[in-house]
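As a plain string of letters, each chain reads:
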Amino acid sequence: MPTFIPITIYLNDRSILVASIPDAETALQQPWPFMDKPSRLEAIRMIGECLAGHCTQQAAFDAFKAAASEQGLLKRKPLSVGLRKFDGVAEDLL
């Protein structure tokens, strides 16, 4: 199975790297803040459909990302000092 650009979700005070459909399936089996949210249940369904060959991997991965985002599990790391400086320079140029 192809891998995707990895995303990190945060569950139960630990980070989980998700870069493939099997990774997403494993992450969905963990306790989520809202286990019965429709988006999580849809992601579970889509991952199952993908593994059965009935939908694209991209569609299943997108459903997983949407569910994780809705529950606030996707968090960005703070920008590095270098990127913050670069942003400041770019703002000065505009």
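Refer to the structure printed above.
Residues numbered from 1 in each chain as written. Predicted model: local features only at pLDDT ≥ 70, side-chain atom pairs only at ≥ 80, totals over all residues. Heavy atoms only, no water.

Caption draft 1: Focus on the pairing of strand 2 (residues 14–18). Two strands pair when backbone bridges link them, and strand 1 (residues 7–11) and strand 2 are joined in this way by five bridges, in the antiparallel orientation. Counterpart to tyrosine 10 in the pairing with strand 2 is serine 15. In textbook terms, the turn of a hairpin is the stretch between consecutive antiparallel strands, and for strand 1 and strand 2 this stretch comprises two residues, one of which, asparagine 12, has a positive phi near 50 degrees. (Pairing = 2+ DSSP bridges. Helix = DSSP H or I, 4+ residues; strand = E, 2+ residues; numbered from the N terminus.)

Caption draft 2: Examining the packing of aromatic side chains more closely. Within this structure, the stated rule accounts for three aromatic pairs. Their ring planes at 10 degrees and their centres at 4.2 Å tell us that phenylalanine 4 and phenylalanine 61 sit as a pair that is stacked. Of the two residues, phenylalanine 4 sits in the segment before strand 1 while phenylalanine 61 sits in helix 3 (residues 57–70), which places them 57 residues apart along the sequence. Look at phenylalanine 4 and you get buried, because its relative accessible area is 15%. Residue phenylalanine 61 is classed as buried on the basis of its relative accessible area, which comes to 1%. Centroid distance phenylalanine 61 to phenylalanine 64: 6.3 Å. Interplanar angle 35 degrees. Geometry classified as tilted. Placement of the pair is phenylalanine 61 and phenylalanine 64 together in helix 3, with a separation of three residues, close to one helical turn. Pairwise contacts between aromatic rings join Phe4, Trp32, Phe61 and Phe64 into one cluster. Above the face of the phenylalanine 34 ring, lysine 37 is positioned so that its terminal group lies 5.6 Å from the ring centre. (Phe/Tyr/Trp six-rings, centres within 6.5 Å; stacked < 30°, edge-to-face > 60°. Buried < 20%, exposed > 50% of the residue type's maximum accessible area, 1.4 Å probe, protein only. Lys NZ or Arg CZ within 6 Å of the ring centre and 35° of its normal.)

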